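Architecture and fold: a report
Residues per chain are reported as follows:
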Amino acid sequence: MKKRALLISSSLVTLCWTPLTTTQAADAGTPTPQLEEIVVIGSNIRNADVEQTLPVTLLDAEALRSIAPSTAEDLIQALPFSGAMEFNSSTPSPNKARGDVAAVNLRGLGSGNTLVLLNGRRLARSPAGQLIDDVPVQSVNVNVIPVGGLERVEVLRDGAAALYGSDAVAGVMNFVTDRDYEGLSLSGQFLDSEHTSQQETSVDALWGTSFNDGRTRLTVGANWFSRKAMKNSETAITASADRRALAPAGFENDAQLNNNSAGTPYGEFQAGRFLGTNFAPASVRRNGALLTTSTGIFHVQPASEAGALAPTAQNGISIDDGSQSLRYDFTANAQIVPDSDRFNLSAGFTHDFDAGVSLFADALFYRSQSENYDAEQSFDNGNAFVVVPASNYWNPFGAATLPDGSPNPNRIAGLNAPAGGLDVLVRQFRVLELGSRTIEVDSNQHHLVFGLRGDSGDWSWETAGVVSEAEHEDRQYNRASKTALVAALANSTPSALNVFGGPNVNNAATLDAIRVTEVNRFETALYSVDARASNASLFSMWGGDAGLAAGVEWRREELVEDRDPRRDGTITFIDPTFGITDGSDIAGLPAVADAKGSRNVTSAYSELALPLVGAPNRVAGVYALEMQLAARFEDYSDFGSLVKPKLSLAWRPIESLLMRASASEGFQAPNLLLTSRGETITSRSGLNDVYRSQVTGDPEDAGNGFFRQGVNQGNDLLEPEESESYAVGLEWRPFDSVELSVDRWWVETDDAIATLGYQTQLDLDASLRAAGSSNPNVIRDDFISPEDLALFADPMRNPTGRAPVGRLIQVIDPYINADRRNAEGWDLAASWRIDTDNLGRFTLRADAMHLTKIELIKGDLVLDRLRFNGNPEWKVSSSVSWNGGNFGATVFARWVSSFNEDTVNQDTTNALLTVEDWLTVDASVDYQILDSLQLRLGAKNILDEDPPIADDTNTGYFAEYHNPLGRLYYLRLQYQFQ
C-alpha cells in the first residue's frame with residue numbers, strides 16, 4: 001500500500017506543481033473573505049441552495065461551541081439524529097474495535113450505513129472492524145478528524161446514493177476544515193472529573209497565511225489530546241459485575257443481574273479417561289461416597305465453604321461435587337475508559353493560477369495510542385479443550401505413584417479410581433497469577449488530496465486524487481499458550497501447573513512459560529481519482545436557470561488482516577498426550593485466518609436541478625417549485641454494477657414556508673471483511689444435530705454438554721444491501737430569526753447481510769435430508785459406526801426411515817444476504833435568535849429524532865426492535881446561548897428516552913428490564929479577557945446524573961448511549977496572535 005501511495009502522491013505533485021513566489025503575508029488574526037462558493041452536501045451543483053431544499057443540518061462555529069466536544073466522538077453523541085455509538089472505547093472485548101475509535105450511525109441504521117466525508121471526499125475505513133449481530137462491520141473512524149480545526153459540519157439526513165454511492169443509506173456527514181484562516185491561534189483545555197480519576201488535556205494550534213498577493217493560502221492545524229484512564233472500581237455502577245444491589249423496582253436481587261464469572265481461580269472439572277478422540281466421563285467415589293456427579297463433574301473450593309466433601313493435600317482446599325457455585329468479579333481490575341493519547345495534524349493549501357484555475361491540496365495525519373486492562377485469563381472446555389492428564393503432579397485423582405515410584409502425595413486416599421489415575425477435563429478455570437490482560441492499541445492514518453479546480457464560462461470543474469491509508473496494531477499481553485499450558489499440566493513434578501489449588505499457588509517460572517503476547521495487525525487503504533463539473537445556469541426554463549452536475553470517479557479499496565501466528569494457523573495447538581488439535585494456540589480465542597481483499601469501483605453520476613416555478617412565473621400558492629433529479633452508476637469488480645436514482649421536490653407556497661419530498665434508492669456494498677475474511681473457528685455448545693439425535697438419543701448428538709466446531713467465513717458472492725428511502729418535510733421561517741422544521745422519513749432495506757445461525761443450519765440440514773438432499777454447510781464424518789447403523793435400521797428408533805449419516809464434525813455459518821430491515825421516524829428542529837439593544841444576542845435551538853419503527857425481518861418472522869436493546873424512541877438536544885460582548889454563556893442539554901433490554905426479565909410478569917431515560921445538562925461561560933485572549937469555564941453533566949443501569953456484562957450501562965463519568969469541569973484558554 002505504501003509504495004502505491006508514494007507513486008500516486010508523487011505523480012499528482014508532479015502534475016500539479018508550479019513555482020510559487022512568496023510575498024508579504026496578510027494581516028494576522030483575521031479570517032479572509034470566502035473566495036469560492038460553498039458546495040454543501042446534498043448537491044454537486046455549485047451554489048445550489050440545498051440547506052434550504054433538503055434536510056441538511058449545518059453545525060457552524062457557534063453550534064460547535066455550544067456542544068463543546070473534546071473529540072469527534074463527543075460531537076456525534078450530542079446529535080439527536082445519531083443512533084447508538086456502536087464503535088466506542090469502553091470495552092476491551094476482542095469482538096470490539098478496541099482503541100481510539102468512534103463511528104457515525106445516523107438514525108440508528110447501522111454504522112456502515114452512513115457515509116463520512118472530509119472536505120467532500122471519502123476516507124479509508126478504520127482497519128478495526130467489530131462484530132455487530134454476529135456480522136463484521138467496518139466504518140470510518142471519526143476520531144482521526146481534529147474537531148479544533150473544523151469550520152463546520154454538514155449532515156444530510158436523507159439517502160444519497162444517487163450522489164455519493166455506497167454507504168449513504170441513512171445519510172452523509174461531511175467534516176469541513178478551516179482552509180482560509182489567517183494568523184495563529186493557540187488553545188488549551190483541561191477537563192477533570194469530580195468523582196473519578198478521569199482527566200482530559202488537549203492543545204490545539206491553527207496557523208494560516210497567504211502570500212503571492214493573496215493567490216496562495218496555507219492553513220495548518222494541530223491537535224494533541226490525552227485522556228487518563230478510569231477504573232471500573234471508581235463508580236458504583238461499574239465497580240462490580242454483580243449489580244443486584246442497584247436493581248430497579250421489581251428486579252431486586254434478581255440473579256440475572258449477577259454477571260460475575262463462573263471462570264474463577266477455584267476451577268470446575270470433569271473426571272474421566274481420554275479414549276481415542278473422545279473424553280469418557282467417570283464418576284469418582286471415596287470410601288464408597290460420591291465425590292463427583294454421576295458424570296464426573298466436580299469443583300474445588302475453600303474448605304470453609306459449605307458442601308466440602310473431601311480435603312485435598314493442599315491446605316485449605318476441598319473437593320465438592322457438581323458445578324462451581326462460586327463466582328469471580330472480573331471487573332474489579334478492569335478499566336472502563338482506557339488511557340489514550342492522540343495527535344492530529346491537518347493542512348490545507350490553495351494556489352490560484354491565472355485564467356481561474358486553482359491548485360489545492362489537503363493533508364491529514366493521525367496517530368493514537370491507547371492502553372486498557374481486562375480481567376485475568378480464563379478458559380473453559382468450549383474455547384479451550386484442555387485435559388489435565390493423570391500424570392499431573394497436583395491431580396487429586398491422579399496416579400497412585402509418581403514416575404520415580406514414590407507415592408503420589410496429592411492423590412486423595414480411598415478412591416475407586418484406577419491405580420493409573422484419571423484424566424480431568426478443565427470445564428472452567430481462571431489463571432489469576434498471569435495478571436490482568438493489558439491491551440495496547442496503536443493506530444495511524446494519513447489522508448492526502450491533490451487536485452485542480454477552476455471555472456470556464458458558466459462551468460465550474462474540479463479533479464483530484466486521494467490517497468488514504470490506515471494501520472492498526474492490537475497487542476494483548478498475559479494471554480496463555482495452549483501448547484505451553486498442556487506441557488505444564490503434563491509435568492509430574494511440583495513445578496507442574498496447579499489448577500486445583502485455588503489462587504496464587506503457581507510459581508513465576510511456570511507462569512512465564514505459559515504467558516504469551518497476542519499481536520494483530522490490520523491495514524486499510526483507499527485510492528481514488530475523480531473529475532466533476534457543474535453549471536448552475538445550464539439553460540433557462542420557466543422558473544429560472546436549470547443546473548447540472550456530472551462526474552466520474554475511480555477508486556480502489558484494500559484490506560489486510562494479519563493475525564497473530566498463534567491464531568492464523570501458523571502455530572497450531574497439538575496436545576501430544578491426547579492428540580487434541582486446534583487452529584488457535586491461544587486459550588480462550590478462536591482461530592482466525594489472515595485476510596487480504598481488494599476491489600475497484602468505477603462510478604459516474606449526473607444531477608439536474610429544474611426550477612419549475614420561480615421569480616419569472618410565480619403565482620399565488622406557488623412561490624417556488626424545484627425538482628432535483630440524480631442518478632449514479634457504480635461498477636464493482638467483485639459483485640457487478642448497479643444504478644441508483646433519486647427524485648426530490650421543493651415547493652414554497654409562500655416565501656417563508658418550504659415543503660419538500662424525496663424518494664431514492666440506495667445501497668451498502670459488502671465490506672471487505674465480509675467478502676475476504678478467512679475462517680473463524682469457534683467451539684459451540686448446545687447445538688442439537690436434530691437429524692441424528694431423534695434417532696440415536698445420544699447426548700453428544702443432542703449437544704448436551706458437548707461442543708461442536710462452528711465456522712464463520714467470508715463470502716465473495718455477497719450482494720449489496722439495497723434500500724429505498726422516502727421523506728417528506730416542511731420548513732417554516734415566519735421571521736428571519738425563527739426557523740421550524742419537521743421531516744418524516746422511511747427507509748426499507750432488502751438483502752441485509754446476516755448469518756442464519758448454527759442451529760438453524762442444522763435444522764435446515766434435517767429438513768433437506770428429509771426431502772432427499774442435504775445442507776452443504778453441515779460437515780459430517782464419512783464413517784458410520786455399526787452401532788449407529790443398527791439404530792438407523794431400527795423402525796422403533798427411526799420410524800420415518802431416515803438414511804444413516806455420520807457424526808457431526810463442523811457447522812459452517814457463512815454471511816449471506818438474508819434479512820430485511822424497516823425504519824421510520826421524524827426529525828424535528830426549532831431555532832430562535834433574539835437580538836437586543838442592551839443585553840446582546842440570545843440563541844435558542846432544539847433538535848429531536850423520534851423513532852416510530854425499527855424492524856428486523858427474518859423470513860416470515862418480524863422482530864420489533866423499537867425500544868429493544870437500544871433504539872430509544874426519542875433523542876433530543878437543546879441549547880441556549882448568550883453573547884453579550886466580552887461575556888457569553890451556553891447551556892446545552894441532551895435527553896435519551898428509555899428502552900428495554902432483553903437479557904433480564906421480571907420473574908412474575910416476564911416484563912423486560914427498562915433502561916431508564918437519561919438527561920444531562922452542560923453549561924459554560926466565556927470571557928474575552930483581551931482582544932486576543934478568551935477564557936471559557938464549563939461543566940458537563942452539571943446535574944451529576946449517573947447512567948441508568950443496564951445488564952451489560954462489562955460496564956453495567958449502555959455505552960452506546962450513556963457514560964459513567966459524572967460531573968466534569970473544564971477550563972479552556974484561547975489566544976489569537978495579532
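Note that the coordinates shown come from a computational prediction; the quantities given were computed from them, not determined experimentally.

1. A look at the side chain of Thr 57
One can find Thr 57 in strand 1 (residues 56–59). Within the structure, the side chain of Thr 57 is placed 2.9 Å from the side chain of Arg 157, a separation counted as a polar contact. With residues near it in sequence (within four places) discarded, Thr 57 still touches Phe 81, Val 153, Glu 154, Val 155, Arg 157 and Arg 845.

2. Quick look at unusual backbone geometry
Backbone geometry at Asn 119 places phi at a positive 55°, although glycine is not the residue there. Of note, Asn 119 is situated in the loop between strand 2 (114–118) and strand 3 (121–122). You can call Asn 119 buried: its relative accessible area is 12%. Non-glycine residue Asn 910 carries a positive phi angle of around 65°.

3. A few points about the nonpolar core
Within the largest apolar cluster, 47 residues are counted, with the highest numbers of intra-cluster contacts made by Phe 269, Phe 298, Phe 379, Val 386, Phe 397, Val 499 and Phe 500. Put simply, the parts of the chain that give this core at least two residues each are strand 12 (268–275), strand 16 (297–302), strand 18 (317–321), strand 23 (387–388), strand 24 (423–430), helix 6 (482–489) and helix 7 (508–514). Not counting chain neighbours up to four residues away, the residues in contact with Phe 500 comprise Phe 269, Phe 298, Val 300, Gln 314, Ile 317, Val 388, Asn 392, Trp 394, Asn 395, Pro 396 and Val 424.

4. Quick look at the pairing of strand 37 (residues 707–712)
Note that strand 36 (residues 680–685) and strand 37 share six bridges and pair antiparallel. Considered in strand 37, the bridge of Arg 684 is made with Arg 708.

5. Some words on helix 6
Owing to its 3.6 residues per turn, the α-helix brings residues three or four apart onto one side. For helix 6, a buried count of six out of eight residues is recorded, marking the element as mostly surrounded by other parts of the structure. What helix 6 keeps buried is the set Lys 482, Ala 484, Leu 485, Val 486, Ala 488 and Leu 489. On its buried side, helix 6 packs onto strand 22 (378–380), strand 23, strand 26 (459–480), helix 7, strand 29 (573–574) and strand 30 (581–582). Here helix 6 starts with a cap whose side-chain oxygen sits 3.4 Å from the backbone nitrogen of Thr 483, and that cap is Ser 481.

6. Overview of the pattern of salt bridges
Tallied over the full model, the rule gives 67 salt bridges. Arg 632 is the salt-bridge partner of Glu 553, the closest N and O atoms lying 2.7 Å from each other. Note that Glu 553 is positioned in strand 28 (residues 544–562) and Arg 632 in strand 33 (residues 624–636), a separation of 79 residues in sequence. Neither Glu 553 nor Arg 632 differs from the other in exposure class; each is buried. Here Arg 733 makes a salt bridge to Glu 739, at a shortest N to O gap of 3.0 Å. Look at Arg 733 and you get partly exposed, because its relative accessible area is 34%. Members of the salt-bridge network, linked through shared partners, are Arg 107, Arg 157, Arg 660, Glu 731, Arg 733, Glu 739, Asp 743 and Asp 827.

About the cut-offs
Residues numbered from 1 in each chain as written. Predicted model: local features only at pLDDT ≥ 70, side-chain atom pairs only at ≥ 80, totals over all residues. Heavy atoms only, no water. Helix = DSSP H or I, 4+ residues; strand = E, 2+ residues; numbered from the N terminus. Polar contact = N/O pair within 3.5 Å; in protein donor to acceptor, adjacent residues only side chain to side chain. Contact = heavy atoms within 4.5 Å. Buried < 20%, exposed > 50% of the residue type's maximum accessible area, 1.4 Å probe, protein only. Core = buried A, V, L, I, M, F, W, Y, C linked by side-chain atoms within 4.5 Å. Pairing = 2+ DSSP bridges. Salt bridge = Lys/Arg side-chain N within 4 Å of Asp/Glu carboxyl O.

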